[in-house]
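# Descriptive structure summary
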Amino acid sequence: MSRLRLATAWLGGCSGCHMSFLDLGEQLIEISDAIELVYGPLVDAKEFPEGMDVTLIEGAVANFENLELLQQIRKRSKLLISFGDCAITGNVTSLRNFFSVDDLLTAVYHAGPGSAPRSDEADQVLPELLPRVLPLHQVVEVDAYIPGCPPDPERILAVLSSLLKGEAVTLSEVQRSFG
Ligand code: SF4
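Per-chain numbering applies: the sequence of each chain, read as written, is numbered from 1 onward. pLDDT decides what is reported in this predicted model: residues at 70 or higher carry local features, side-chain atom pairs at 80 or more are listed and counted, and totals for whole chains, interfaces and linings draw on all residues regardless. Side-chain figures throughout are based on the complete set of non-hydrogen atoms in the structure, without hydrogens or water.

### As for the site of the ligand
- Neighbouring the ligand are Gly13, Cys14, Gly16, Cys17, Glu58, Asp85, Cys86, Asn91, Val92, Gly148, Cys149 and Pro150.
- Elements represented by at least two residues in the shell around the ligand include exactly helix H1 (16-22) and helix H4 (85-89).
- Each residue is assigned to one of three groups, with Ala, Val, Leu, Ile, Met, Phe, Trp, Tyr, Cys and Pro labelled nonpolar, Asp, Glu, Lys and Arg labelled charged, and all others, Gly among them, labelled polar. Of the residues contributing to the shell around the ligand, the split by class is six nonpolar, four polar and two charged. Here a residue is considered near a molecule or strand provided that any single heavy atom belonging to it is located within 4 Å of it. In DSSP terms, a helix is any run of H or I states spanning at least four residues, a strand is any run of E spanning at least two, and both are numbered starting from the N terminus.

### Notes on the pattern of salt bridges
- The term salt bridge refers to a side-chain nitrogen of Lys or Arg lying within 4 Å of a carboxyl oxygen of Asp or Glu. This structure, assessed with the given rule, holds five salt bridges.
- The salt bridge involving Glu50 is made with Arg76; its shortest N-O contact spans 3.6 Å. With Glu50 in the loop between strand S2 (35-39) and strand S3 (52-58) and Arg76 in helix H3 (residues 64-76), this residue pair connects regions lying 26 residues apart in the sequence.
- For Arg74, the salt bridge is made with Asp143, and the minimal N-O distance between the two is 3.0 Å. A residue pair is termed long-range when its members are at least 10 positions apart, and Arg74 in helix H3 and Asp143 in the loop between strand S6 (129-134) and strand S7 (144-146) qualify at 69 residues.
- Exposure categories follow from relative accessible area, calculated using a 1.4 Å probe and restricted to protein chains: below 20% of the type maximum is buried, above 50% is exposed, and the middle band is partly exposed. The buried category is assigned to Arg74, whose relative accessible area is 18%.

Note that all results are geometric; they support no functional claim without further evidence.
The structure is reproduced here in structure tokens:
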């Protein structure tokens, strides 16, 4: 039986969802025979690979790099799962939506102690921000959702176990069988 090709991706998030994934601990080892983790912050892979079975995506879409990667992931993944509340609603990452990008950059980098002079060159050090932070489903079709900030390890395991058994992801708002 072929292993489930799994990827994880980290967009605009704090990495807490990935930490929760790691909190699976020994249970991760138990399912490792059935899963091949081929891309993500826990793996040394530069390019998002073709032919993914499932991709868990942490974080909201905050900049143009996030947007490009998300669209590539959608094309290359059978199932795309919004992983955690930032991916699902924008959550903490979207708090900056109260400000314009210009006001935000000025407040964070160019005002107050330790500020740097504002310049086009300085602004280009960062990936270009989108005007607004977006949850994943506002950019691409999402197949399932794993809520939580971060999601409990038990909830992540329940989803992975369902997928490995070929069952629908019952925690999802949108259910689709893996096959
Ligand atoms: Fe961090 Fe919570 Fe967002 Fe996950 S959902 S990236 S834990 S803030």
